[in-house]
Amino acid sequence: MSAGEVGRRGVLAGGLAAVAAGAMSTPAFAEGTTTTPVNERLKGYSYPLSARGVANLAPTPPWHYVGDVVGVEFWTTPAAAAASLPTGLDPDPTSSGHGYALFIDWQFSASDNEYLDPVRSQYSEFLVLLDAVHKGSPVAWCPFIYVDNDEALARGWIQGFPKKIGAVHQTRAFGVPSQAGPVVGPGGRFGATLSSNGRQLAEARVTLEKTAPTIPALGRPIVNLRYFPRLTAGQQQNPAVHELTQSVLDTPQVAGTWTGTGELSFFPAQAEELADLAPQRTGAGFRGSLSYSVTDLIVL
């Protein structure tokens, strides 16, 4: 496999990131199979299919993303991290409990300059990535992820990201000096928050110290669980879709990354389990920008 293909396949698509060049080899995962197209008169790529095919939440790929990331490295208990893993993934014995919390301010487009409609193309996201292994190879697992946009929710479910609706905010930086914003440089301070259903779930603080060549959370291919249950009586424990997938990201680029110190808290709330992964300690805090495109997915 070429170096370019390794970089392309070792990434998170629709939520975060790319493997730093040469950081690791990509696991030898199986390719997905092809199927015969369904003969359906309604048009579109995703729900809702419609007469003209423009009402669907997720348009046909390619999907293009660009965003600013505020994140914190953290360690939860190995037991809590292991409990969050699906069948087929195991704790990484070298780093069990290690992960990242990421707050991202995204802008999206497909093939029709969707970024010119910012009410639909802009959204914010929070996700957790935990170290794991698949058949002995290092991967990252996303147990929880929140977005504030239903189109982003649909794209995530198609990829296997377990997205829920939430409210995600991060401190903004601007190109003009002001006491209303931080510097993107030594001493710059950024905050980020997540809430869902009116309940606060996460809060982060980052203080920048020095530049970095890539975003610290990058380095492992992201493995997700695509899952869709059946409603038919007697079949409700036999899902229609149940498959591990590896995200694929094309042409990833990272710029303007700074690292420093980070603080992170998860808060308990009804019908939520994020706080089960409560940080026991934190490592690097960071901020940077990234972009990529999504055209593919690998079924493991």
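Note that the structure is predicted; figures quoted are calculated from it, not measured. (Residues numbered from 1 in each chain as written. Predicted model: local features only at pLDDT ≥ 70, side-chain atom pairs only at ≥ 80, totals over all residues. Heavy atoms only, no water.)

Description of the pattern of salt bridges
Inference 1: Tallied over the full model, the rule gives 9 salt bridges.
Inference 2: Residues Arg 120 and Glu 151 are paired through a salt bridge, measuring 2.9 Å at the closest nitrogen-oxygen approach. Of this pair, Arg 120 sits in helix H3 (residues 118–121) while Glu 151 sits in helix H4 (residues 150–159), and the two are 31 residues apart along the sequence.
Inference 3: On the basis of relative accessible area, Arg 120 is assigned to the partly exposed category, the value being 35%.
Inference 4: Across the salt bridge formed by Asp 131 and Arg 220, the nearest N and O atoms sit 3.6 Å from each other. Taken together, the residues Asp 131 in strand E3 (residues 122–134) and Arg 220 in the loop between strand E9 (199–211) and strand E10 (222–228) connect sequence positions 89 residues apart.
Inference 5: The network of salt bridges with common partners includes Asp 92, Asp 131 and Arg 220. (Salt bridge = Lys/Arg side-chain N within 4 Å of Asp/Glu carboxyl O. Helix = DSSP H or I, 4+ residues; strand = E, 2+ residues; numbered from the N terminus. Buried < 20%, exposed > 50% of the residue type's maximum accessible area, 1.4 Å probe, protein only.)

What to know about the environment of Thr 207
Inference 1: Secondary-structure assignment places Thr 207 in strand E9.
Inference 2: Look at Thr 207 and you get partly exposed, because its relative accessible area is 25%.
Inference 3: For the pair Thr 207 and Pro 182, spaced 25 residues apart in sequence, the C-alpha to C-alpha distance is 9.9 Å.

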